[in-house]
Amino acid sequence: MSLLLKLLAQRIALGLLLLFLVSILIFAGTIILPGDVAQQILGQSATPEALANLRRDLGLNDPPLQRYFSWLGGLLQGDLGTSLTSGKDIAESIGKRLGNTLFLAFWAAIISVPLAILLGLIAVRYRERWPDKLISAVTLASISVPEFLIAYVAIFFVSVRLRWAPSVTTINDGMSLGEKLHTISLPISVLTLVVLAHMMRMTRAAILNVMQSAYIETAELKGLRMFTIIWKHAFPNSIAPVVNVVMLNLAYLVVGVVVIEVVFTYPGMGQFLVDHVSKRDIPVVQACGLIFAAVYIGLNMVADIVSIVANPRLRHPK
Amino acid sequence: MNEELKFLSRQVALGAITRRKFLGRAGALGVTAAAANTMLAGAVHAEGPQKGGTLRIGLQGGSTTDSLDPATAANTTAVNLIRMWGEPLVELTDDGGLQGKVAESFEASADATTWTFTIRKGITFSNGQEVTAADAAAMLDRHAGEESKSGALGLLRDIKNVSTNGRDVVIELNNGNADLPYLMSDYHLIVQPNGGKDAPDAAIGTGPYIMKEVDMGVRFVAEKNPNYWGDIGHVETIEMLVINDNTARVAALQSGQVDIIDRVPPRTAGLVARAPGITVASTAGPGHYVFIAHVNTAPFDNPDLMMALKYGINRQEMVDKILFGYGSVGNDSPINAAYPMYSEMEQREYDPEKAAEYFKKSGHEGPVLLRTSDNSFPGAPDAAALFQQSLKAAGIELEIKREPNDGYWSEVWNNKPFCTSYWGGRSTQDQMFTTAYLSTADWNDTRYKSESFDKLLIAARAELDQDKRKAMYADMGMMVRNESGLICPMFNDFVDAYTDKIGGWVEGVAGFSLMNGYAAQRMWVTG
């Protein structure tokens, strides 16, 4: 166990270092982009005086290095700073958006992960027969079509024609959980379609790989039912690659859903980030970038740890 | 048409029978759904506004980064939002004239250098405080002061002094300006307690609604201000949703999630209008799409080349293919019939032979570089391609460079010598010319510098004789048309759409889209 703790500590330290590098990259990126926050705020209606006044107020006249370090100093004390454009506390405004994003990702994951694994198991059970081929065809087709197209088709039929679910999924605090779930039913469905194929294919491939082993043959010869063999003997041994893919897809559900958020007008982190990038609101972009990076690094770390725990051989590297 | 139908439509307006039933019976009488809907709208209008209910509006343009401070308002969502809670001193009437809002009246001295606005008696802010002349004066001070970040700063440069006298606000100008009241209708110049100096983004004003929920770039809820002085504000609650994606906005209207939307894409407007229960309303305005060249930079400093380009553009084709008919042809002047003192000019037509002739005379060789981007106006890259084709017929080669949307307004527009862009227009000729064609204007995006034009502009500003003034503006329009770097192929209409659940739309309201941003306050829920 102490080995595991050591590993954990190593991973976390490495993760923090990565986050630090990410913050430098994001800062440099936003500096390189043309135009500054004052120009973006005032847009076409910027006059030189208004620009100068705004720049001075926002502290944009300080050299970039100084701005970066004062931001970093604040961050180390747990202060994300205030938004340049709205003047609001960043932690507070991100909190709500992050909550919305996690809410959507959570419900999409609750549906898509078990569904993908179940479909993967079924595909193995009936491999090379019509259920396998049907599942593969449908999931591969849904991952090959751009997500916004699936979304628009869903909006047209489900919202406009049938009026079963809303196309604008702006949730707010006044809604009950049931209302919220009804509101986001379309984006959940579309996201499920988008992430399903990847996880399902990996489950199928990993289990098929294990199915070649001698102990599966033994189980077969003992007369166990095919599904029992897959579920009890093959699946636990193929968990590592599956968890890796599941985690990647979970990360996607959190950080990669900008397009879905825009199409369904969902008030999550994606739209929030895009708005602030286009306004060059560096502190907010930094905070969003760090959160996204942390989600990625964190979920990948979980995947690694689960693989190691699930596979005793990895616990004792040579 | 038919007594029975008239009777039925009145019954719906009174709430005696449902709309669905009406449409059914109208169908039985052999009336098409569209005609029945129009009729119903007429009846609903005739019955007058109904009070109460919730009106839901879907808007383009809002961003999480917006602020409620009217000084930094810069998109349609912000304008519609300001109309909820705040009011300027004066506002445009439907036909482009002026009416009092916070100010009940205004008058000028004989030379138009001193203007007096009288604050409406006994009106209060939504926090209960009475509105005074000092609040209005402080507002002008905030927007025009040296510390100002206001989008209206450019309009207010000529103000010398602002003082108060009882309920009067007295504005003294350096030079006479007959249009000053028009400037005061600008949506940035909202009267707030102490001019908004203490709490610029508190959303406290004299408007017909009070903001209840504010989630920037996402959703807003406003409720009727019980103490509002005026006669607009019919519904009890207004819910505003920011829906930036065009398809999502149209789908929200079609699926009944919102009652009214702005900016229906012209490409699909025809399809949207065919849906039952939806009306697409197109309003002509001063907004125009432009190709702008810097006439102080080679090769555009060559007047013959400029003329070649002006004759080499097919304006009607652009109106047909870029605006899909929702607009009108331009005439290389920023002024159209939406302006109060417009005079007609001879229409410049597409003439490849003349263009070729001017091109030859100019002695220019090689291609002309045009920069464009998607956000410079909707369909700009396509318009550039059309321009390229129409110039080709005249033997002129146009090279198109596609620029990223991001940073277009800071890096390309008003910076590079030839690009695509748009103007939203202004409420008066003086404002439009002063903003973009005066030699010293910050946004002189064609670098047009003409002493005689400037003199005429200043003189027209103080001219109180309407006929003389109109003649002066006609001359200026001609100068811009023939001498400046402006190639204006089209004026774009505002295209909005609403469902038959709401009534009270007024056609052709001057100003911005959605009835100058007052649709939510002036319309009402019918069923």
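Residues numbered from 1 in each chain as written. Chains lettered and ligands numbered in written order. Predicted model: local features only at pLDDT ≥ 70, side-chain atom pairs only at ≥ 80, totals over all residues.

**Some details on the confidence of the model for chain B**
When pLDDT is averaged along chain B, the result is 89; 91% of the residues meet or exceed 70. Interface scoring of the predicted complex returns ipTM 0.80; its pTM is 0.83. (pLDDT = per-residue confidence, 0-100.)

**What to know about the nonpolar core**
Soluble globular proteins: nonpolar side chains tend toward being buried together. Counting 217 residues, the largest nonpolar core has Cys288(A) and Ala136(B) as the members making the most contacts within it. When residues of this core are assigned to their parent elements, the largest contribution, 14 residues, is made by helix H9 (residues 185–211) of chain A. In this structure, Ala136(B) is in contact with Leu89(B), Val102(B), Phe117(B), Ile119(B), Val169(B) and Val191(B), ignoring residues within four places of it in sequence. (Core = buried A, V, L, I, M, F, W, Y, C linked by C-beta atoms within 7 Å. Buried ≥ 20, exposed ≤ 12 C-beta atoms within 10 Å, placed from the backbone. Helix = DSSP H or I, 4+ residues; strand = E, 2+ residues; numbered from the N terminus. Contact = placed C-beta atoms within 7 Å.)

**Quick look at the sheet that holds strand S8 (residues 209–215) of chain B**
Residue and element names in this part refer to chain B. The strand order S8-S9-S10-S1-S11-S19-S12 describes an open sheet built from seven strands, whose pairing is mixed. Of all the strands in the sheet, the pair left with one neighbour each is S8 and strand S12 (278–283). In the packing of helix H4 (residues 76–85) onto the sheet, the strands contacted are strand S1 (54–59), S8, strand S9 (219–224) and strand S10 (237–242), and the crossing angle to S8 comes to about 140°. (Pairing = 2+ DSSP bridges. Axes fitted to C-alpha atoms, helices over the stretch in contact; angles between N-to-C directions.)

**Description of the sheet that holds strand S7 (residues 168–173) of chain B**
All names here are of chain B. On the basis of which strands lie adjacent, the open sheet formed by four strands has the order S4-S5-S7-S6 and antiparallel pairing. The open sheet terminates on both sides in strands that have one partner only, identified here as strand S4 (103–108) and strand S6 (159–165). The mean angle between the axes of side-by-side strands here comes to 20°, regardless of whether they run parallel or antiparallel. Alignment of S4 against strand S5 (residues 114–119), held across five bridges, turns out to be antiparallel. Across the sheet, Ala103 pairs through a bridge with Ile119, a residue of S5.

**Some details on the interface of chain B and chain A**
With 37 residues of chain B at the interface, the matching set in chain A holds 39 residues. If you list the elements that add at least two residues to the side of chain B that touches chain A, you get helix H7 (246–254) and helix H13 (408–411) of chain B. The element that contributes the greatest number of residues to the side of chain B that touches chain A is H7(B), accounting for five residues. Split into classes, the residues belonging to the side of chain B that touches chain A amount to 11 nonpolar, 18 polar and eight charged. (Nonpolar A, V, L, I, M, F, W, Y, C, P; charged D, E, K, R; others polar.)

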